[in-house]
Amino acid sequence: MQLRVTSLPFVFRAAGLIAVALFLDPASSRAADAVPFRSSGEIRILQSSVDPDNPGCLWLEGVDVGRGSVLGRYTSSYLTLARLAPVPEGGWKWVFEGSFVTRLANGDTLTVSLSAEGQTEDGSWPREILGVATILNGTGRMAGVQGSWTWW
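About the cut-offs
- Residues numbered from 1 in each chain as written.
- Predicted model: local features only at pLDDT ≥ 70, side-chain atom pairs only at ≥ 80, totals over all residues.
- Heavy atoms only, no water.
- Salt bridge = Lys/Arg side-chain N within 4 Å of Asp/Glu carboxyl O.
- Helix = DSSP H or I, 4+ residues; strand = E, 2+ residues; numbered from the N terminus.
- Buried < 20%, exposed > 50% of the residue type's maximum accessible area, 1.4 Å probe, protein only.
- Core = buried A, V, L, I, M, F, W, Y, C linked by side-chain atoms within 4.5 Å.
- Polar contact = N/O pair within 3.5 Å; in protein donor to acceptor, adjacent residues only side chain to side chain.
- Contact = heavy atoms within 4.5 Å.
- Phe/Tyr/Trp six-rings, centres within 6.5 Å; stacked < 30°, edge-to-face > 60°.

In this structure, what is going on with the pattern of salt bridges? I would like to understand it.
Should their charged atoms come close, side chains of opposite charge can pair. As enumerated under the stated definition, the model contains 1 salt bridge in all. For Glu117, the salt bridge goes to Lys93, with nearest N and O atoms at 3.7 Å. Here Glu117 is found in strand E7 (residues 109-120), whereas its partner Lys93 is found in strand E6 (residues 92-104), with 24 residues between them in sequence. Judged by its relative accessible area of 25%, Lys93 falls in the partly exposed class.

Honestly, the nonpolar core in this entry has me stumped. Any pointers?
Within soluble globular proteins, side chains that are nonpolar tend to cluster in buried spots. Ranked by internal contacts, the top residues of the largest apolar core, which has 22 residues, are Phe96, Phe100, Leu110, Val112 and Trp149. Put simply, the parts of the chain that give this core at least two residues each are strand E3 (35-51), strand E5 (72-86), E6, E7, strand E8 (130-138) and strand E9 (148-151).

Is there a simple way to think about the environment of Leu84 in this case?
Examined against the element boundaries, Leu84 turns out to sit in strand E5. Judged by its relative accessible area of 29%, Leu84 is partly exposed. Each C-alpha atom, one on Leu84 and one on Trp94, is 4.6 Å from the other, the two residues being 10 residues apart in sequence.

I tried to follow the side chain of Asp64 on my own but got confused; where do I start?
Tracing the backbone shows Asp64 in strand E4 (residues 54-68). Among the polar contacts listed, one links the side chain of Asp64 to the side chain of Tyr78, at a separation of 3.4 Å. With sequence-adjacent residues up to four places away left out, Asp64 is seen in contact with Gly41, Glu42, Ile43, Tyr74, Thr75, Ser76 and Tyr78.

Please clarify how the packing of aromatic side chains should be interpreted in this entry.
Centre distance and the angle of the planes are the two values used to describe a pair of aromatic rings. Under the defined criterion, the tally for this structure stands at 2 aromatic pairs. Taking 4.6 Å as the distance between ring centres and 35° as the angle between the ring planes, the aromatic pair formed by Tyr78 and Phe100 counts as tilted. A residue pair is termed long-range when its members are at least 10 positions apart, and Tyr78 in strand E5 and Phe100 in strand E6 qualify at 22 residues. Residue classification places Phe100 among the buried residues on the basis of a relative accessible area of 7%. Measuring from centroid to centroid gives 6.4 Å for Trp94 and Phe96, while their planes differ by 25°, and the two rings are stacked.

As structure tokens, this is what we get:
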């Protein structure tokens, strides 16, 4: 699917305390090797397009540039499906499902799935988004890394 550039001005700060089981040496990993992880960055949506199979959904492509403990400097590339759904109590919520690949300064990568949502009264972009990310795999020193975290 080809995405098109739009004037979608969606930028938000992402930061959180992330408890990830970072097993930098898979052969000697134990549950006690869990490392608290803190990260902050800025996510920018670069392109969007309507899903041809579901006109109520948007494909969003974006980047996140930031710094995290353990990771250092990183750049993440996102592809996420965003769906606007009514909330029974009134208002709307955006539901996001997708994945991203994080590339560290040394070229190592993490591939991560994400699920998130944010509520609004009028269907506009939410001011706050709460999400869960789960590590799928990694390369280099991130090979064998496992874990998940909540972000906002």
